[in-house]
Structure formats: C-alpha cells, structure tokens
Amino acid sequence: MRVAIPHGLGREEVRRRMHARVGELAGFIPGGMAQVEPSWPSEDHMDLVITAMGQQVGAKIDIEDAQVVCHIDLPPALSFIEPLVQGAVEKTGRKLLT
C-alpha cells in the first residue's frame, strides 16, 4: 500500500520533525501495546517495523521535496483493513508534520 502525504516544509524540516516525533508513532496505533522500531538507512529514508496485536508490519517512508511517501507491507490476513490503515496513516502523518 502506498500513501502520499503532501507538505510544503522542505526536506530538512520534514527530517527534523520526523526524527523528533518518531517516538510518538506507537501511540497512534490502536490497542496500546504497539512497538515501533525505526531505522534511518539514509537521511531521506526511514524503515519501520511495527508490531501490534501479534502481527508485524513493515513500512518504508521516503521524504521527497513536496510529499512524504509511505509504503506499508500489510500481511494478507490484514488486507481487509487497508482502507482504515490508509486513512490512519494520512491523518497521523499530517499530525506528525505539524
């Protein structure tokens, strides 16, 4: 699944905000027991491993000039909630960038 979140902040400011707020991501995942493990293989790319409710989901986030693009690998068992996840990613992404 691909979710693009537009911004007008510039790459450096988006990077700064994402580094500062990545620890808040687990709080946006329902259930209250999520773990989020971020890594930054490059300055404009973040990988995430999200573990919640017995499931593990991988995500890749790319910072671009005018948008942040999230690629989320939902397991087939969770494909039915893709619209919910997409909406949550868009909403959370906007919050984290403000």
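So, here's what we can say about the structure.

Cut-offs and rules
Throughout, a residue's number is its position along its own chain's written sequence, starting from 1. Owing to the predicted nature of the model, reporting of local features is limited to residues with pLDDT of at least 70; listing and counting of side-chain atom pairs is limited to 80 or more, with chain, interface and lining totals taken over all residues. Remark: hydrogens and water are excluded; side-chain values derive from all non-hydrogen atoms of the structure. Salt bridge criterion: a side-chain nitrogen from Lys or Arg within 4 Å of a carboxyl oxygen from Asp or Glu. Numbered from the N terminus, helices here are DSSP runs of H or I no shorter than four residues, and strands are runs of E no shorter than two. Each residue gets one of three labels from its accessible area relative to the maximum for its type: buried under 20%, exposed over 50%, partly exposed in between, using a 1.4 Å probe on protein chains only.

Observations regarding the pattern of salt bridges
One pass over the full model with this rule turns up seven salt bridges. The salt bridge involving Arg11 is made with Asp65; its shortest N-O contact spans 2.7 Å. Here Arg11, found in helix α1 (residues 11-21), pairs with Asp65, found in the loop between β4 (55-63) and β5 (67-73); they are 54 residues apart in sequence, far enough to count as distant. Residue classification places Asp65 among the exposed residues on the basis of a relative accessible area of 56%. In this structure, Lys60 engages Asp47 in a salt bridge whose closest nitrogen and oxygen atoms are separated by 3.8 Å. Here Lys60 is found in strand β4, whereas its partner Asp47 is found in strand β3 (residues 45-52), with 13 residues between them in sequence. Counted as one network, the salt bridges with shared partners bring together Arg11, Arg15, Asp44 and Asp65.

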